[in-house]
Amino acid sequence: MYSGGMKSLRFAGIVAAACAFAVGQVQPNPNSNAKPYQYFRLGNAQAITVKTTPGFALMGGGKDLDAAFRWLCSHGQGGDFLVIRHSGDDAYNPYIQKLCKLNSVATIVLPTRAAAQDAFVSQKVREAAVIFIAGGDQAKYWNDWAGTPLQAALNEHIAQGRAIGGTSAGLAVLGGWVYTARGDQPDGPDLTSKIALADPYGEQITVDHEFLKIPLLRGILTDTHFARRDRMGRSLVFLARIEKETGKPAREIAIDERSAFALDADGTGTVLGTTAVYFIKATQPPSVLQAGKPLSMSGIEVQKARPGMH
């Protein structure tokens with residue numbers, strides 16, 4: 001909950017470089033054609049060890065938010081920044097390099113389960129002071145990354161007090177509960193509030209938990225593009241399903257595009273950007289939660305936090 005307009009937002013329980021950058025230097029992995037991943041690096045070739053500050057940057061998607069990346073960098077204390085993505089290129093490298101003073105910025109593209117099992121990948125995760133999980137499709141993250149050495153290395157990174165962030169699908173997998181999107185069809189519609197509310201047990205509604213083990217987010221669902229894509233209805237379906245499974249009040253942190261919630265290890269956080277962050281709690285069991293029937297529930301608490309709130 002938050003108290004006082006601009007003063008504090010705390011949810012207890014819910015919540016340098018050794019050498020100069022070699023500007024323009026790109027270091028793809030050797031023999032990349034033979035590897036299941038792609039690796040691109042700007043900066044120093046050798047990783048350094050720094051004393052990091054734990055923190056979690058929950059980004060709402062859409063256009064990248066400079067302030068959120070600077071916040072992540074500040075928690076990395078000039079070390080090595082690693083971007084993880086399922087598809088795409090190294091576009092984040094020069095963007096982050098311009099924002100932050102770091103030993104290196106690297107991107108690793110992991111399009112298959114074999115890539116997530118490669119020892120080189122786990123090594124780079126363990127060397128990183130900061131990790132950022134890019135947007136994409138969380139169903140692919142779950143299918144190809146869960147239960148692999150990559151997942152283990154990411155959780156080790158968190159346990160060692162190092163910062164991590166994510167946007168869009170990358171934020172979805174940071175939550176203690178995750179809408180995995182594994183029921184979506186490749187050419188079918190995205191899960192909208194209208195679809196979800198009509199049948200809370202529809203095949204598109206796939207919710208699982210603990211891809212990552214972040215203590216402050218244990219038991220909490222995270223979602224993005226919230227107001228832009230009118231996701232309140234489907235959020236209520238997720239929360240109803242979670243409450244039904246656990247028997248406990250279900251909670252969510254929902255973030256608009258162009259905003260982020262920068263969460264520190266002590267449970268305090270700051271809203272960055274230009275839109276809002278919503279803290280949603282289902283305080284009562286749903287009155288109707290059945291396959292093929294519209295969801296009916298009440299007792300929903302929503303707190304809206306605007307930019308600048310701490």
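Scope of this entry: the structure provided in the associated data block. Values in this document were obtained by computation on a predicted structure and should not be read as measured data.

## A few points about the state of the cysteines
- Summed over all chains, the structure comprises one disulfide.
- The disulfide that involves C73 links it to C100, with 2.1 Å between the sulfurs. Measuring the twist about the S-S bond at about 85 degrees, one finds the C73-C100 disulfide to be right-handed. With C73 in helix α1 (residues 66–76) and C100 in the loop between α2 (92–99) and β6 (104–109), the pair connects residues that are 27 residues apart, well separated along the chain. The exposure classification of C73 matches that of C100, with both residues buried.

## Here we look at the pairing of strand β14 (residues 269–273)
- Among the five residues of β14, four are classified as buried, and the element is accordingly described as predominantly covered.
- As defined by bridge partners, strand β13 (residues 259–264) adjoins β14 across five bridges and the pair is classed as antiparallel. Looking at β14, one finds that S259 is bridged to G273.

## Focus on the environment of Y141
- Structurally, Y141 can be placed in helix α5 (residues 138–145).
- When the C-alpha atoms of Y141 and T180 are compared, they prove to be 8.6 Å apart, with 39 residues separating the residues in sequence.
- The contact partners of Y141, leaving out residues within four places of it in the chain, are H86, I133, A134, G135, G136, A146, A169, G170, V173 and F211.
- At 2.9 Å, the side chain of Y141 forms a polar contact with the backbone oxygen of G135.

## Focus: the sheet that holds strand β4 (residues 55–59)
- Strand order across the open sheet formed by eight strands is β3-β6-β5-β7-β8-β4-β13-β14, with mixed pairing between neighbours. Pairing within the sheet leaves two strands with one partner each, and these edge strands are β3 (38–43) and β14. Geometrically, the sheet is characterised by an average inter-axis angle of 15 degrees between neighbouring strands, direction not taken into account.
- Alignment of β3 against β6, held across six bridges, turns out to be antiparallel. By the bridge assignment for β6, L42 is matched with V105.
- Strands in contact with α2 are β3, β5 (80–85), β6, β7 (130–133) and β8 (163–167); relative to β6, the strand with the most contacts, it is inclined by about 155 degrees.
- Its contacts with the sheet place helix α6 (residues 149–159) against β4, β5, β7 and β8, and it is angled at close to 125 degrees to β8.

Parameters at a glance
- Residues numbered from 1 in each chain as written.
- Predicted model: local features only at pLDDT ≥ 70, side-chain atom pairs only at ≥ 80, totals over all residues.
- Heavy atoms only, no water.
- Disulfide = S-S within 2.5 Å.
- Helix = DSSP H or I, 4+ residues; strand = E, 2+ residues; numbered from the N terminus.
- Buried < 20%, exposed > 50% of the residue type's maximum accessible area, 1.4 Å probe, protein only.
- Pairing = 2+ DSSP bridges.
- Contact = heavy atoms within 4.5 Å.
- Polar contact = N/O pair within 3.5 Å; in protein donor to acceptor, adjacent residues only side chain to side chain.
- Axes fitted to C-alpha atoms, helices over the stretch in contact; angles between N-to-C directions.

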